[in-house]
Amino acid sequence: MPINVISAGIATTIQDLGRPGYYHLGIPMGGAMDRLALRTANLLVGNDEGAAGLESVFVGPELEFTRDATVAVCGAELPPKVDGEPRETWTAFPVKAGQVLSFDFLKSGARAYIAISGGINTQPKLGSRSTYAIGALGGIDGRAVQPGDTLPLGNAVKAVRAGLSVPAALRRAPSSPAELRVLPGLYWHRITEQAQNGFFEDTWKVANEADRMGYRFQGGRKLEFVEREQPFGAGADPSNITDACYPYGSVQVPSGTEPIVLHRDAVSGGGYFMIGTVISADMDLIGQLQPHTPVRFVRVDMEAALAARKDRAATMSAIREALS
Amino acid sequence: MAKHEVKSPIPGTFFRKPAPDQPPFREIGDTVARGDTIGLVEVMKTFHEVKADADGTITGFPIGDGDPVMPGQIIAELD
């Protein structure tokens, strides 16, 4: 018994934890931009952590349920309503057959993850139900959810307690300015010492070009490059390199002006130099940044990056513990 | 008549005109009906129309053309 989509917001997509293993062929990992939020929402409704749910950006959908289910909304503060009655985020609540789930105006964050008991049961593509819209892969016919769609549900795997809730201390919200930790990369030597320092000193702002492929930032000083004769295969601009692989989280700065952090649906390679890489522990946070949010990049070394990853894993373990 | 506030559901950059070389969708003093477009919000490389959610006469635009807008921010006041 499916869910009927009455309205879909501006960019609601089916996402699970993605399809790693094809990036070298140009097919990105995809999956939820805020992985902790999707995992947590799934745990709240008794699903496997990697079950498919909905990722809604800024505006939530209106969904009519045709069977009883448990629902949880994690990530952005996008207040859910059942037949117009408010419900809590980060908390499991029941929705009965015939009821409509809708959402109020976004209060903070950018992406809400909606998990439904049983999970969304569309046909996996290359091992994942995640929607990769520009590659027309996954989801429903490779696209975002639209009004009139029906979302098939799987069978609930585990009984759940309505009212189960994530303790407030385990819900991460962006600080202001948000801080993104960056490990300088292979091409660090391409910019001057002044530019290296300036990148971390300046306060940047999230631009309107901020989506599943990448997040663009504006407002910091232009990077000055160390002069060189461009190597074979590199373009004429000093920000060009001989084509190379782009890691998830890498920060490219075309022409040295506006840094772009590549995210889950990123292109896998190209000819722009990368100043470094946002550490894996901070990638979820990027998915919760609204346009115009002030952001500082904070320089870290590998040791700090690994310690942060361990902390992040410990938070996820604490959430599992709290919800078990 | 009661005052009504039209709010943007999304963050981005607010525009009162459909294109830079065209006149604004609506001016102060214009009457609008529910569903009429009042402005655009640009975000994620696309433009989204913000529509009036009530009938009325526009008494003010508390936000400028090209200004940043946050979700729930008032973009027009109706009487």
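Per-chain numbering applies: the sequence of each chain, read as written, is numbered from 1 onward. Key to labels: chains lettered from A, ligands numbered from 1, both in the order written. Thresholds applied to this predicted model are a pLDDT of at least 70 for local features of residues and 80 or more for the giving and counting of side-chain atom pairs; totals over whole chains, interfaces and linings are not thresholded and use all residues.

Q: Which parts of the structure should I look at to understand the overall build of chain B?
A: When helices and strands are tallied, chain B shows zero helices and eight strands. Runs of H or I in DSSP of at least four residues are treated as helices and runs of E of at least two as strands, each being numbered from the N terminus. Counted from the first residue to the last, chain B has its helices and strands arranged as β-β-β-β-β-β-β-β. Using C-alpha atoms as the atom set, the radius of gyration is obtained and then compared with a globule rule of 2.2 Å times the number of residues to the power 0.38. What you see for chain B is a C-alpha radius of gyration of 12 Å, in line with the 12 Å of a compact globule of 79 residues. Its C-alpha atoms give chain B principal-axis dimensions of about 40 × 25 × 20 Å.

Q: Explain helix α1 (residues 35-44) of chain A here, please?
A: Helical geometry note: an α-helix holds 3.6 residues per turn, so side chains three or four residues apart project in the same direction. Residues and elements named next belong to chain A. When you tally the buried positions in α1, you get 10 out of 10 residues, the bulk of the element. To sort residues by exposure, count the other C-beta atoms lying within 10 Å of each residue's C-beta; 20 or more gives buried, 12 or fewer gives exposed, and values between give partly exposed, all with C-beta atoms placed from the backbone. Three or more residues of α1 are buried, namely Arg35, Leu36, Ala37, Leu38, Arg39, Thr40, Ala41, Asn42, Leu43 and Leu44. Directly after α1, the chain includes glycine 46, whose backbone phi takes a positive value near 85°.

Q: Which parts of the structure should I look at to understand the nonpolar core?
A: Within soluble globular proteins, side chains that are nonpolar generally end up buried alongside one another. Residues and elements named next belong to chain A. What makes a nonpolar core is a set of buried Ala, Val, Leu, Ile, Met, Phe, Trp, Tyr and Cys residues, with links drawn between C-beta atoms within 7 Å. Core analysis: the biggest nonpolar cluster contains 100 residues, and Ala41, Val71, Tyr113 and Ala115 have the highest contact counts within it. Marked domain ranges trace back to an automatic or database domain assignment. Counting only domains with at least three residues in this core, you end up with domain 1 (3-170) and domain 2 (178-315). Setting aside its immediate chain neighbours within four residues, valine 71 contacts Val45, Phe93, Val95, Leu101, Ile114, Ala115 and Ile116. By definition, residue pairs are in contact when their C-beta atoms, positioned from the backbone, come within 7 Å.

Q: How do you make sense of the interface of chain A and chain B when you look at a structure like this?
A: By convention, interface size is frequently given as the accessible area that disappears when the constituent parts associate. Taken together, the 13 residues of chain A in the interface contact 14 residues of chain B. Its residues assigned to classes, the side of chain A that touches chain B comprises eight nonpolar, three polar and two charged. Classes in brief: Ala, Val, Leu, Ile, Met, Phe, Trp, Tyr, Cys and Pro nonpolar; Asp, Glu, Lys and Arg charged; the others, Gly included, polar.

Q: I tried to follow the sheet that holds strand β20 (residues 294-299) of chain A on my own but got confused; where do I start?
A: Backbone-to-backbone hydrogen bonds pair the strands of a sheet. The strands run either parallel or antiparallel. All names here are of chain A. Here the rule is simple: two strands pair whenever DSSP picks up at least two bridges between them. Reading around the barrel, the seven strands line up as β12-β19-β16-β17-β14-β13-β20 and close back on themselves, with mixed pairing between neighbours. The sheet shows a mean angle of 40° between the axes of neighbouring strands, direction not considered. Where strand β13 (residues 204-210) lies against β20, two bridges are found, and the strand directions are antiparallel. Bridge pairing in β20 places lysine 205 opposite proline 294. Simply put, an axis is a line fit to the C-alpha atoms, just over the touching stretch for a helix, and the angle between two N-to-C directions goes from 0 to 180 degrees.

Q: What's the story with the domain arrangement of chain A in this structure? I'm lost.
A: Residue and element names in this part refer to chain A. Here the domain parsing of chain A yields domain 1 (3-170) and domain 2 (178-315). In this structure, domain 1 and domain 2 have C-alpha centres spaced 29 Å apart. Contact with domain 1, which involves 20 residues of that partner, is made by 13 residues of domain 2. Among the residues forming the side of domain 1 that touches domain 2, the class breakdown is 11 nonpolar, six polar and three charged.

Q: Please explain unusual backbone geometry as it appears in this structure.
A: A negative phi holds for most residues other than glycine; trans holds for most peptide bonds. All names here are of chain A. The omega torsion across serine 176 and proline 177 is -5°, close enough to zero to call that bond cis. Looking at the element boundaries, proline 177 is found in the loop between β11 (150-151) and β12 (178-184). At tryptophan 90, a residue that is not glycine, the phi angle is positive and equals roughly 60°. Looking at where tryptophan 90 falls in the secondary structure, it is placed in the loop between β7 (85-86) and β8 (93-95).

Q: What's the story with the sheet that holds β11(A) in this structure? I'm lost.
A: Residues and elements named next belong to chain A. With antiparallel pairing, the six strands of this open sheet are ordered in space as β7-β6-β9-β4-β1-β11. Of all the strands in the sheet, the pair left with one neighbour each is β7 and β11. By the bridge criterion, four bridges tie strand β1 (residues 3-7) to strand β4 (residues 62-65) in an arrangement that is antiparallel. By the bridge assignment for β4, asparagine 4 is matched with glutamate 64.

Q: Please clarify how the packing of α1(A) against helix α4 (residues 302-323) of chain A should be interpreted in this entry.
A: Helix packing for two helices is described by the angle between their axes and how far apart those axes are. Residue and element names in this part refer to chain A. Contact pair α1 / α4: the axes reach a minimum separation of 10 Å and the direction vectors enclose 10°. In terms of axis orientation, α1 runs roughly parallel to α4. Residues Leu36, Arg39, Thr40, Leu43 and Leu44 of α1 lie in contact with α4, whose contacting residues are Met316, Ile319, Arg320 and Leu323. A per-class count over the contact of α1 with α4 returns six nonpolar, one polar and two charged. For classification purposes, an angle smaller than 35 degrees is called roughly parallel, one larger than 145 roughly antiparallel, one from 65 to 115 roughly perpendicular, and anything else oblique.

Q: Help me understand the environment of A:Ser165, please; the structure alone is not making it clear to me.
A: Looking at where A:Ser165 falls in the secondary structure, it is placed in the loop between β11 and β12. It is 9.9 Å that separates the C-alpha atoms of A:Ser165 and A:Ile319, two residues lying 154 residues apart in sequence.

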